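# Reading the structure
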Amino acid sequence: MTPENLPIEQYDDQLAEKTARLTAMMSPFNAPQPDVFRSPVSHYRMRAEFRVWHDEGDLYHIMFDQQTKARVRVDQFPTASELINRLMPVLISAIKQDPALRRKIFQIDYLSTRSGKIIASLLYHRKLDEEWQQAATALRDQLRADGFDIQLIGRAAKTKIMLDQDYVDEVLPVAGRDMIYRQVENSFTQPNAEMNIQMLEWALKATENSTGDLLELYCGNGNFSLALARNFRRVLATEIAKPSVAAAQYNIAANHIDNVQIIRMAAEDFTQALNGVREFRRLQDVDLSGYECNTIFVDPPRSGLDDETVKMVAGYDRILYISCNPETLCANLETLSTTHRVTRLALFDQFPYTHHMESGVLLEKI
């Protein structure tokens, strides 16, 4: 597969292979057959990052082949959204023609939305000066005149220049409601928007008719916790990254949600607070005892849940676990399956044409 040529005719076979692989991995835990959610076969990634190659008088996006490490020129990238593909040639052409924008640029990062907004971050191996800012402002204005709803950001060592703002607001239709999500440049967001919608709707279905409250660890910008709030009395969520917490607080207000509280803490620290191991000043105004969290939601990094968090999670009646790494999910299930059974399993094809699998399980106490 090359960056400009997707093996679309192989998609069904690849998805069937992933389904068989996940089913086999989950068989020791007596999991049901997975619900399988297909991705669009092209233009599914809302984010993309490219190195920029200077070739005498020319300038273009490149990627490196993961196997051979060979440099590959990329003029179009059908994995990425149509909006990114429309912007790529226009942006690179404008940068190529302006020395202030061109000099020592080495990377461009794109973040787009289904709602038609896009951020382009230009990364440099040099100090960004007033001349750069004037040229970037003129470029932004021209791109907007051309119909792009764009934010331009300049980055260099210890420098970040925003001409306007460093975020875009996405709108996702989730089970009959339009959900607004502020997405911050250089912060984590789900890369495949259509798959994200399907994950949110699966999680809603898995937790319908819930009673009590929901606890979420690693909540990011509130992607899951805000969507799931309609199924619970209250939601208590933790996140350590300051930009993500700020985005989550905005999203709570923008969606008129009044039953979600976000705490800026690492999951490990919050586990210690719940267990009474340590007291934390930032929790002094939070009445943890007022919550009746009988369901916990976790969407951990690739490394999975640490041992202490696994022990804490095992105390809940229901565990909703989204995983980007089925190996670490299975490692965690070795412990959790002694107290819980897997009642739902899902495969979300977040990353077509790769071996990566996103999966979800609902665990209920035995």
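Anyway, here's the lowdown on the structure attached to this text.

Calculation notes
- Residues numbered from 1 in each chain as written.
- Predicted model: local features only at pLDDT ≥ 70, side-chain atom pairs only at ≥ 80, totals over all residues.
- Heavy atoms only, no water.
- Pairing = 2+ DSSP bridges.
- Helix = DSSP H or I, 4+ residues; strand = E, 2+ residues; numbered from the N terminus.
- Axes fitted to C-alpha atoms, helices over the stretch in contact; angles between N-to-C directions.
- Contact = heavy atoms within 4.5 Å.
- Phe/Tyr/Trp six-rings, centres within 6.5 Å; stacked < 30°, edge-to-face > 60°.
- Buried < 20%, exposed > 50% of the residue type's maximum accessible area, 1.4 Å probe, protein only.
- Expected span 1.5 Å × (residues − 1).
- Arc of directions from axis to C-beta.
- Polar contact = N/O pair within 3.5 Å; in protein donor to acceptor, adjacent residues only side chain to side chain.

### Overview of the sheet that holds strand 14 (residues 293-298)
Across a sheet, paired strands are connected by hydrogen bonds in the backbone, their directions being either parallel or antiparallel. On the basis of which strands lie adjacent, the open sheet formed by eight strands has the order 1-16-17-15-14-11-12-13 and mixed pairing. The two strands at the open ends of the sheet, each matched to only one other strand, are strand 1 (35-37) and strand 13 (260-264). This sheet shows a mean twist of 15° between the axes of neighbouring strands, independent of strand direction. Here strand 11 (residues 213-217) pairs with strand 12 (residues 235-239) via three bridges, running parallel. Of the residues in strand 12, the one forming a bridge with Glu216 is Ala237. Relative to strand 13, helix 7 (residues 242-254) is tilted by about 165°, and along the sheet it contacts strand 12 and strand 13. Helix 10 (residues 326-336) rests against strand 15 (318-323), strand 16 (340-348) and strand 17 (358-365) of the sheet, and its axis sits at about 160° to strand 15.

### Here we look at the packing of aromatic side chains
Per the stated rule, a full pass over the model turns up eight aromatic pairs. Note on Phe50 and Phe77: the rings are 5.3 Å apart at their centroids and 85° apart in plane angle, and the pair reads as edge-to-face. Residue Phe50 is found in strand 2 (residues 47-55), and its partner Phe77 is found in the loop between strand 4 (71-74) and helix 2 (82-97); the two are separated by 27 residues along the sequence. The interplanar angle of 75° and the centroid separation of 5.6 Å between the aromatic rings of Trp202 and Phe348 together place this pair among those described as edge-to-face. Taken as a pair, Trp202 in helix 5 (residues 193-206) and Phe348 in strand 16 lie far apart in primary sequence, 146 residues in all. Of the two residues, Trp202 and Phe348, both sit in the buried class. Aromatic rings pair up to connect Tyr11, Tyr44 and Tyr353 into one cluster.

### Remarks on helix 4 (residues 130-145)
Over its 16 residues, helix 4 runs 23 Å from end to end, which matches the ideal 22 Å to within 8%, given 1.5 Å per residue. Buried residues of helix 4: Trp132, Ala135, Ala136, Leu139, Arg140 and Leu143, and no others. One side of helix 4 holds all its buried residues, which, seen down the axis, span an arc of 140°. Turned more than 90 degrees away from the buried face of helix 4, the exposed residues are Glu130, Glu131, Gln134 and Ala145. Buried residues along helix 4 sit against helix 2, helix 3 (99-102), strand 6 (117-124), strand 7 (149-156) and strand 8 (159-162). Its side-chain oxygen at 3.3 Å from the backbone nitrogen of Glu131, Asp129 defines the N-terminal cap of helix 4. Count one or two residues on from helix 4 and you reach Gly147, which has phi positive near 105°.

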